[in-house]
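Inside the fold
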Amino acid sequence: MLADKEITMNLKGRDFLKLIDYTPEEIAYLIDLAAEYKAKKKAGIPHDDFHGKNIALIFEKTSTRTRCSFEVAAHDLGIMTTYLDPGASQIGKKESIADTARVLAGIYDGIEYRGFGQEIVEELAEYSKVPVWNGLTNEFHPTQILADFLTIKEHFGRLKGINFVYMGDARYNMGNSLMVGCAKMGVNFTASAPEKYFPDAALIEYCKKVAAENGSTITFETDPMKAVKGADVIYTDVWVSMGEPVEVWEERIRELSPYQVNTELMNAAGENAVFMHCLPAYHDLKTGVGREMGEKFGRDSMEVTNEVFESEQSIVFAEAENRMHTIKAVIAATV
Ligand code: CP
Ligand code: NVA
């Protein structure tokens, strides 16, 4: 079935930098391809069709899910990986992005990059003759959205018409990418936070236009209880992202705690709503940062309570597993 689609859907050589660059049909194709790879993996059917290929994984920020997903996905496809950890390469310090891109493109068949500004991964792609995949920048986290949408599709059987509510800091990588993804896939997107946490005005304008073309809406609501009325999915992310200064915790806690995903909020959405989070999450005090900030500010959780995180409505671990299947689809489609 997908083999037929592949004839019209040739993504070979394409970068995967942000969902803005992809059509709804291409995004749907990647999600379906991921589902097909997932089924093969579960059935024990080998799919190592890419022997002899090699990919480089550059991480200028830490990672569990994204790194492990790229490594396992590549291994399942028969591809060898090289992991370059934060600080272990010359990138940016002794060698420019443009030079790094041309060096690695001569050795590898694809390059994953996780780091800071979106402009860095865009520059890497500009100078690389092999596909570059964005493994998270400050602005976008596109591979995460594929996993989120595969998970929603598995749970609800569809994407179109789903009411998706994002609570908290909506102007960073997760809020931005989810808004774009929802607009492209006909999902109704609502962000709930104080106004200063809403995405960039130009991105909102673009998404409203794209959403209208795809039959969905983009809305903003400062009242969290109003925002979650009729929600199918309630999503949140950390209040302080990687690379942000520790000093912002105080302000974020003060301004975003009314938007914490707790049982009252889930109840306002109803029992059929699910809770999602890209992870890692500060839902208890069992992490170094969670404990330090929890003790400092007298809290036992941040963006989501432990009760919601551990509840039946939480589908965060199915979502995390889908990172691997969707990243596999991106590699296989573009290498
Ligand atoms: N969700 C996600 O990107 O997780 P990691 O930071 O562990 O890769
Ligand atoms: N907004 C988070 C996402 C982590 C997957 C961060 O950038 O740290």
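Use the structure listed above.
What you are looking at is a predicted structure, and each value in this text was computed from that prediction instead of being measured.

The next point concerns the environment of Gly-78. Along the polypeptide, Gly-78 turns up in the loop between helix 3 (65-77) and strand 2 (80-84). Classification of Gly-78 as buried rests on a relative accessible area of 15%. Here the alpha-carbon distance between Gly-78 and Met-9, two residues 69 residues apart in the chain, equals 22 Å. The contact partners of Gly-78, leaving out residues within four places of it in the chain, are Asp-48, Phe-50, His-51, Gly-52 and Lys-53.

On to the side chain of Lys-18, then. You can see Lys-18 is positioned in the loop between helix 1 (2-8) and helix 2 (24-43). At a separation of 3.0 Å, a polar atom in the side chain of Lys-18 contacts the side chain of Asp-21.

Tracing the backbone through its elements, the reader meets Ala-273 in the loop between helix 11 (263-269) and strand 9 (274-277). Ala-273 sits 209 residues away from Thr-64 along the chain, and the two C-alpha atoms are 27 Å apart. If near-sequence neighbours (up to four positions away) are discounted, Ala-273 is found in contact with Ala-231, Asp-232, Met-266 and Gln-313.

It is worth spelling out unusual backbone geometry at this point. Put simply, Leu-279 and Pro-280 share a cis peptide bond, and its omega is 0°. Within the fold, Pro-280 resides in the loop between strand 9 and helix 12 (288-297). Even without being a glycine, Leu-136 presents a positive backbone phi close to 125°. Among the secondary structure elements, Leu-136 is positioned in the loop between strand 4 (132-134) and helix 6 (142-156). Classification of Leu-136 by relative accessible area gives buried; the value is 6%. Here the phi dihedral of Leu-279 falls at roughly 65°; this positive angle occurs in a residue that is not glycine. Mapped onto the fold, Leu-279 is located in the loop between strand 9 and helix 12. Take Leu-279: its relative accessible area is 10%, and that puts it in the buried class.

Now for the pattern of salt bridges. Per the counting criterion, the structure on display carries 17 salt bridges. Across the pair Glu-154 and Lys-38 runs a salt bridge whose closest N-O atoms are separated by 2.8 Å. Separated by 116 residues along the polypeptide, Glu-154 in helix 6 and Lys-38 in helix 2 bring together distant segments of the chain. The partly exposed category is assigned to Glu-154, whose relative accessible area is 41%.

Every residue close to ligand 2 is listed here: Leu-136, His-141, Tyr-172, Asn-173, Asp-237, Val-238, Ser-241, Met-242, Cys-278 and Leu-279. Interatomic distance of 2.8 Å between a side-chain N/O atom of Asn-173 and an oxygen atom of ligand 2. A distance of 2.6 Å separates a nitrogen atom of ligand 2 from a polar atom in the side chain of Asp-237. The class makeup of the residues in the shell around ligand 2 is six nonpolar, three polar and one charged.

Rules of the game
Residues numbered from 1 in each chain as written. Chains lettered and ligands numbered in written order. Predicted model: local features only at pLDDT ≥ 70, side-chain atom pairs only at ≥ 80, totals over all residues. Heavy atoms only, no water. Helix = DSSP H or I, 4+ residues; strand = E, 2+ residues; numbered from the N terminus. Buried < 20%, exposed > 50% of the residue type's maximum accessible area, 1.4 Å probe, protein only. Contact = heavy atoms within 4.5 Å. Polar contact = N/O pair within 3.5 Å; in protein donor to acceptor, adjacent residues only side chain to side chain. Salt bridge = Lys/Arg side-chain N within 4 Å of Asp/Glu carboxyl O. Near = heavy atom within 4 Å. Nonpolar A, V, L, I, M, F, W, Y, C, P; charged D, E, K, R; others polar.

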